[in-house]
Amino acid sequence: MINYLYIFPEIIITSALCFIIVLDLFLPSRLKYISYYLIQFSLIFCVYYIYSHFNYLDSNVSELYNTGIFSNIFKIFILLSLVIIFYYTSVFLNYFNIYKTEYFLITVFGLLGMMIMISSENLLLLYLGIELLSLSLYSVIAFNRNSLFSSEAAVKYYILGAISSGFLLFGISLIYGLTGSLSFNEIFIYITSLNISSNIDSVEIIGLLFALIFILISLSFKFGAAPFHMWIPDVYHGSIITTTLLLSTIPKIAVFVIFIKLLAIVFSGLFLFWSDMVIILSILSILIGNIIAISQTNIKRMLAYSTIANIGFILLGLSVGSVIAYKAAMFYTLTYVITTIAVFGLLSQLVYKSKSVENISDLSGLNSSNPFLAFLLMVILLSYIGIPPLLGFHAKLFIIQALVESNNIPLSIFAVLMTVIGSFYYLRVIKVIYFDELKDELLITSKLYFTGTYVIGLMLLGLFPDILGQLSQYSISNLFNA
Amino acid sequence: MYWQSMIIIFSPLIGAIILLFKNKSTDFLSSIIANSAIGISMLLSLWLFISYVSGHNISESHLIYTWYATSGYFFEIGLLIDSLTIVMSFIVTFISFFVHMYSITYMKGDPSFKRFFIYTNFFTFSMLFIIFSNNFLQLFIGWELVGLSSYLLIGFWYNKPSAVSANLKAFVVNRVGDIGLLLGVILILITSNSLNYIDFFDKLPLLRDSTINLLGYHIELLPFIALLLFIGAAAKSAQIPLHFWLPDSMEGPTPISALIHAATMVTAGIFMVARLSPLYDLSGYVLDLILVIGVSTALFMGMVALVQNDIKRIIAYSTISQLGYMTAALGASYYSFAIYHLLTHAFFKALLFLCAGSIILKCHHEQDITKMGGLRKIMPITFITFFIAGISLMGVPSMSGFFSKDLIIDIFKYSNNTFVYYSLVLGVFITTLYTSKIFIKVFLGNNQLKIKKKLDLEHSDALIIPLLVLAIPSAFIGWSLFDGVLFNGFFDKSITDYTRLDQFYILHVEHSLSFFLHSLTSLSFIMIILGIVASYFLYYKDDGLLEKISDKFPLLRNILLNEYGFTSLSNTIIPTYFKRLANIIWMKSDVSIIDNFFVNGTANLINFISSKARLMQTGYLYHYAFTMIIGLLLFLIIFYDF
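Here is a short report on the structure shown in this document. (Residues numbered from 1 in each chain as written. Chains lettered and ligands numbered in written order. Predicted model: local features only at pLDDT ≥ 70, side-chain atom pairs only at ≥ 80, totals over all residues. Heavy atoms only, no water.)

Observations concerning the overall build of chain A
The line we're drawing: By the criteria applied, helices consist of DSSP H or I runs no shorter than four residues and strands consist of E runs no shorter than two, each listed in order from the N terminus. All radius of gyration figures rest on C-alpha atoms, and the globule criterion is 2.2 Å times the number of residues raised to 0.38. Contacts between residues were defined by any pair of non-hydrogen atoms, one from each residue, lying within 4.5 Å.
Along the backbone of chain A there are 21 helices and three strands. Taking 23 Å as the expected radius of gyration for a compact globule of 482 residues, we find that chain A reaches 22 Å, a close match to that expectation. With respect to the principal axes defined by its C-alpha atoms, chain A has extents near 70 × 55 × 40 Å. Put simply, of all contacts in chain A between residues at least 6 apart along the chain, 80% involve residues at least 24 apart.

Have a look at this one:
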């Protein structure tokens, strides 16, 4: 007997989607905002439902669909992030008169995909979630049909995404062939029952490793880790800035959840093998991200490389394999998402020569035209660098601390050095904002009340790192106790 | 107590932030914001002080917030509220408030009027942050913040080259001390695993016999920590040999000299040692060192004041000398006496500076006292208040300065430390001499500057009221807190010298009245009389006696004018030779190795790599797909030894 109450959050989202799609057809264009508010309402209602049924949802013991505390915390986080992203998106779309309800609806399909990814306890379900997410992302990237860049980016992402899905499916089929199951739990039991150290050359181990590499590569593609990062700069550059905001934030959370669930639990028996792979991925990502970002002139491309570098840091945390390191990685992910929402949200509110901001030089002299905005942007960028007492400092510190505690001194030195190199391109933006001549006045699409509050919240989170620290601690410990 | 203290600390900070972000604000509005922010702190401190004095004497420690906790170390911000804290916060906020009020007039018309108040508000916050701190990290943060505000305020008129070099000097000298303090704090953290004062004090018995290995020598731990921390204290409190920044700091606006360089910041070192009295009790030879430094500062820096003619520099040397008295009391382990002298000194010295400011303002920014004269009739209120502050500084019996300073002198009298005793008594003579010198040259004699008396008051009310208000504690606070507070166990819970204090009271003081009567026959009183008589002949009767004396002892005069060589050390020797050395290091190691090879080399290399690596991003889809396949193959090859 299936108890549908456990998947009620997903049901809320799906039914809201079906209702709003139909409703939107009949709304005249001046009333389209109603559908926007309905979507926001259904997201918030979903958060409320999960929050108020926290313990009830946790009692679910399905083999297929996990609604434990760990998943729910991430779902709430994603839903709230999406509410903020939608706020910025609607402001942006309305300002440029390209508002379409479909944009939001398609994104909510992606949200559904992410919720399925987070909860899935089965490889096939995981695959379905990833595909649902990817399909909706392909469409929102191509949203700006008039732009060549936009269509090009969408096609590139689509084709590369198809290759990566192929990898994933190939890996899954190998796993199924070896273990006879797609369930996380059964795969886990199978792997732990193998005596890895004694029969390292056995067919099972070689096959599992083969499958693991394929799955890992496919997920790295979704995550944007080098050398599977090539799509990121083009897609970030090509899409409208609010799509970039969307792409660079919540899908990363969902992929992070998959990473941690697969690596830390399902494949924990193969830690010896995957930790090296993850280290290679992270070193390449940090190197490529930080170094290429230096020579970028487009701010979206620069932030795309910065994303790659940040993903590298998250992977660095995952590679350690201790509970403290998972906690640090989760802290870093949350920090990264919160900061990235701030920076893209803020940039999406800027208008330069009646276009959205594209180049770093567009920001020159921002301080003389809008000192408050310049200050907010500076705070966000300093947080990215990791200047205490801002949030980014703690995130980097936790990762490096986890590395040091596992006696991985060379990697921690590498991380610190790369942080220094990485600080250059953020500082350059600050230099442009504060010390360069004002060219053309930058306009803002709406008042800065929300952004201001958000950034002040960001600063407070940095002053009280325990809030996110405890949250990470709580979710990670629940993941391992479940 | 918790919320009151929080408001006391953070109200000035909020004032500074409001001023900082308020773009369009008139001078009037800025001064209102700044003054009310301090005013709130002042009233609350006053209230807490009164409630502590009237018996509510408790000690409590609060945790405000844990910034960061890692593997057993806690970095926290907290409050330690006890009698010492309350006294200090009373001094700081009280003087700060009246200095702020005074500054409204003094700084009127300055183009950076608002900036001045941002700095002073921020300074007051930083100082309170140190005072209320319950751990060493917070102490260090506050220490740096007051250093920063002092730097900004000394160089407030940054167009004046002398101000810029003075603030640089203050900053660099304080850096030397800060390194000592920081090393001490780090040593505390690694040996006791805690930065909290109370935890550290609890661990002192365990650490008592431990030693540390320093370059092969085994050094006792606690004296070493005490020494390192005292280096910080010596720099901040301008003790020999780190004193020479303070006279130059007079380049800042005069209210700043009153607030920071006389009453509050320079006493932070004294406060810290008193706060850490359990540590200093166990630090043996370091106490002797502190005593020697204190006594020599008290005597020798007072002598330098004799040859100075700039009114602010004289008072600055006097401040150093008085800080020397406090340090001497610390060295003798009578921490409470040091704090008591700190309390009275803060009032009369701030008043002296404010009077000096009033004089300078009247004399159109002329600071040379030999060019002044006859201001008695023109500025009667400044005259009277300066008189009160002056005799308090000299230590004329019944004044505030007397009760605190004679206590310190008496410590050495009764402990038969004759050499120190006579040095300090000689210091009294010198103090009297230079105080009378200012008094005679400025207020008596002929009106050389031809300043006309105006019909109205000498200055506006906002400038006069602080003088009058500060004159009251300068005259009376010493006596009024003597029996009932100082010797009534007020500092029992915060400073460890209470048994010594009780003994001292029973054996040598008995009561304030007898202390007062007794002092009329004491050596220091005779010294004051002698000093006044001498200054009458030297400075009032203009018969060339002073020139004769100085011609007789040219060496002494030159030594004093040169401040025992510290002037040439800090203005000539260090700058030239260090510059030469620095130039060599700069050219050889910095430019050629670090800059060109490491910094620019790395930067160029990374820039080069970056410009090449970006070409990987060709934009061609098949390149991207190819990279993915290559990546896959790479992984397969690495993990399979095919």
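So that's the structure; there's more coming.
Brief notes about the overall build of chain B
Cut-off, in case you're wondering: Throughout, exposure labels follow a simple rule: accessible area from a 1.4 Å probe, protein chains only, divided by the maximum for the residue type, with under 20% read as buried, over 50% as exposed, and the rest as partly exposed.
When helices and strands are tallied, chain B shows 27 helices and four strands. Taken over C-alpha atoms, the radius of gyration comes to 28 Å for chain B, in line with the 26 Å a tight globule of 642 residues would show. Based on the C-alpha atoms only, the size of chain B along its principal axes is roughly 105 × 60 × 50 Å. Buried positions account for 57% of the 642 residues belonging to chain B.

A short note on the sheet that holds strand β3 (residues 443-444) of chain A
All names here are of chain A. The criterion, for reference: Any two strands are treated as partners once DSSP identifies two or more bridges connecting them.
Spatially, the three strands line up as an open sheet ordered β2-β1-β3, and their pairing is antiparallel. Since the sheet does not close on itself, it has two edges, and those belong to β2 (355-356) and β3, each with one partner. Sheet topology note: the strand β1 (residues 350-352)/β2 ladder contains two bridges and is antiparallel. Each residue of the ladder has a partner; that of V351, found in β2, is S356.

Focus on the interface of chain A and chain B
Definition in use: Note on definitions: buried area is the accessible-area loss of two parts on being combined, 1.4 Å probe, summed for both. Salt bridge, as applied in this entry: a Lys or Arg side-chain nitrogen positioned within 4 Å of an Asp or Glu carboxyl oxygen. Under this definition, polar contacts are N or O atom pairs within 3.5 Å; protein pairs additionally need one hydrogen-donor-capable and one acceptor-capable atom, and for neighbouring residues in sequence, both atoms have to be side-chain atoms. Amino acids outside the nonpolar list (Ala, Val, Leu, Ile, Met, Phe, Trp, Tyr, Cys, Pro) and the charged list (Asp, Glu, Lys, Arg) are all regarded as polar, and Gly is one of them.
Taken together, the contact between chain A and chain B spans 46 residues of the former and 28 residues of the latter. Each partner contributes to the roughly 3400 Å² buried at the junction of chain A and chain B, and carbon and sulfur atoms together form 78% of this total. Where chain A meets chain B, there are zero salt bridges. The interface formed by chain A and chain B includes two residue pairs in polar contact (both at pLDDT 80 or more). Ranked by residue count, the leading element in the side of chain A that touches chain B is helix α13 (residues 271-294) of chain A, at nine residues. Its residues placed into classes, the side of chain A that touches chain B shows 33 nonpolar, eight polar and five charged.

Quick word on the nonpolar core
Applied cut-off: For this analysis, a nonpolar core means a set of buried residues of the types Ala, Val, Leu, Ile, Met, Phe, Trp, Tyr and Cys, connected via side-chain atoms within 4.5 Å.
Ranked by size, the top nonpolar core spans 420 residues in total, and within it L363 of chain A together with L229, Y280 and F337 of chain B carry the most contacts. Per-element accounting of this core gives the leading share, 19 residues, to helix α15 (residues 335-362) of chain B. When near neighbours in sequence (up to four residues on either side) are disregarded, Y280 of chain B contacts A226, L229, F230, M272, V273, V286, L287, I290 and Y335 of chain B.

A few points about the pattern of salt bridges
Following the criterion strictly, the structure yields 15 salt bridges over all chains and no others. Measuring nitrogen to oxygen at the nearest pair gives 2.9 Å for the salt bridge that ties R275 of chain B to D82 of chain B. Placement of the pair is R275 of chain B in helix α11 (residues 268-275) and D82 of chain B in the loop between β2 (73-81) and α3 (83-106), with a sequence separation of 193 residues. Residues participating in the shared-partner salt-bridge network are E152, K156, D234 and R301 of chain A.

Focus on the packing of helix α18 (residues 391-405) of chain A against helix α19 (residues 409-435) of chain A
Residues and elements named next belong to chain A. Note the threshold: Helix axes are fitted to C-alpha atoms over the stretch in contact, other axes to C-alpha atoms as well, and angles between N-to-C directions run from 0 to 180 degrees. Angles are sorted into four bins: roughly parallel if under 35 degrees, roughly antiparallel if over 145, roughly perpendicular if 65 to 115, and oblique for all others. Should the near helix be turned counterclockwise from the far one by less than a right angle, the crossing is left-handed, whereas a clockwise turn marks it as right-handed.
At a closest axis distance of 8 Å, the pairing of α18 and α19 adopts a crossing angle of 160°. The orientation of α18 relative to α19 falls into the category roughly antiparallel. Seen along the crossing, α18 lies across α19 with a hand that is left-handed. Residue-level inspection shows K396, I400, L403 and V404 of α18 in contact with α19, the latter providing I409, L411, S412, A415, V416 and T419. Of the residues contributing to the contact of α18 with α19, the split by class is seven nonpolar, two polar and one charged.

Some words on the layout of surface pockets
Defined as follows: In this analysis a 1.4 Å probe is tested at points of a 1 Å grid over the protein atoms alone, and where it fits but cannot get out there is a cavity; an open set with protein on both sides within 12 Å along at least five of seven lines is a pocket; lining residues have an atom within 4 Å of a point. Grid points are joined across faces, edges and corners, and a volume is the space filled by probe spheres set on the points.
Roughly 1600 Å³ of internal volume is contained in the largest pocket. Surrounding the largest pocket, 35 residues form its lining, P389 and L463 of chain A together with L13, I17 and F122 of chain B being those nearest its centre. Taken together, the elements giving at least two residues each to the lining of the largest pocket come down to α17 (371-385) and α20 (449-463) of chain A together with α1 (2-21), β1 (60-70), β2, α4 (113-131) and α5 (136-154) of chain B. A per-element tally of the lining of the largest pocket places α1 of chain B first, with eight residues. Partitioned by chemical class, the residues of the lining of the largest pocket number 35 nonpolar, no polar and no charged.

Examining the environment of I240 of chain B
Residue and element names in this part refer to chain B. You can see I240 is positioned in the loop between α8 (221-236) and α9 (245-248). Residue classification places I240 among the buried positions, given a relative accessible area of 18%. C-alpha separation for the pair I240 and V146, spaced 94 residues apart in sequence, amounts to 20 Å. If we ignore the near neighbours within four places in the chain, the residues touching I240 are I293, S296, T297, M301 and F566.

Digging into the packing of aromatic side chains
Just so we agree on the cut-off: The criterion for an aromatic pair is that two Phe, Tyr or Trp rings (for Trp, the six-membered ring) have centres within 6.5 Å, with stacked assigned to planes under 30 degrees apart, edge-to-face to planes over 60 apart and tilted to the rest. A ring has a charge above it when a Lys NZ or an Arg CZ is no more than 6 Å from the ring centre and no more than 35 degrees off the ring normal.
All chains considered together, the criterion is met by 84 aromatic pairs over all chains. Between the aromatic rings of Y36 of chain A and Y37 of chain A, the centroid separation amounts to 5.0 Å while the plane-to-plane angle is 65°, which identifies the pairing as edge-to-face. Judged by its relative accessible area of 7%, Y36 of chain A falls in the buried class. With a centroid separation of 5.3 Å and 25° between ring planes, the pair formed by F482 of chain B and F515 of chain B is classed as stacked. Taken together, the residues F482 of chain B in helix α20 (residues 482-486) and F515 of chain B in helix α22 (residues 512-519) connect sequence positions 33 residues apart. Each member of the pair F482 of chain B and F515 of chain B is classed as buried. Positioned above the aromatic ring of F398 of chain A is the side chain of K327 of chain A, whose terminal nitrogen or guanidinium carbon lies 5.1 Å from the ring centre.

Here's the deal with the packing of helix α15 (residues 323-348) of chain A against helix α21 (residues 466-481) of chain A
All names here are of chain A. Where α15 meets α21, the closest approach of the two axes is 9 Å, and the angle between their N-to-C directions is 130°. Taken as axis vectors, α15 and α21 run oblique relative to one another. With respect to the hand of their crossing, α15 and α21 are arranged in right-handed fashion. On the side of α15, the interface is formed by V323, Y326, K327, M330, F331, L334, T335 and I338, while α21 contributes L468, G469, L471, S472, Q473, S475, I476 and F480.

Description of unusual backbone geometry
Peptide bonds are, in most cases, trans, and in most cases residues other than glycine have a negative phi. For the bond from P388 of chain A to P389 of chain A, the omega torsion is 5°, close enough to zero to count as cis. Tracing the backbone shows P389 of chain A in the loop between α17 and α18. Between I240 of chain B and P241 of chain B the backbone carries a cis peptide bond, its omega angle lying at 5°. Structurally, P241 of chain B is set in the loop between α8 and α9. Of note, N193 of chain B is a non-glycine position whose phi angle comes to about 60°, a positive value. Positionally, N193 of chain B belongs in the loop between α6 (161-192) and α7 (197-207). The phi dihedral of A238 of chain B is positive, around 55°, even though this residue is not glycine. Here A238 of chain B shows up in the loop between α8 and α9.

Looking at a nonpolar patch on the surface
All names here are of chain B. To keep things clear, this is the line we draw: Exposure above 30% relative accessible area and the absence of a salt bridge qualify a residue for a patch, where like charges join within 9 Å and nonpolar side chains (Val, Leu, Ile, Met, Phe, Trp, Tyr) within 5 Å. We get accessible surface area from the Shrake-Rupley algorithm with a probe of 1.4 Å; when it comes to residues, only the shown protein chains can shield them.
Together, I529, V533, Y536, F537, Y540, L545, I549, F553 and L556 give the surface a local cluster of nonpolar side chains, amounting to about 790 Å² of exposed area. Of all the elements in the fold, those that place two or more residues in the nonpolar patch are α23 (523-540) and α24 (545-552). The biggest single contributor to the nonpolar patch is α23, with five residues. With respect to the helices and strands, the residue F537 is situated in helix α23. The partly exposed category is assigned to F537, whose relative accessible area is 37%.

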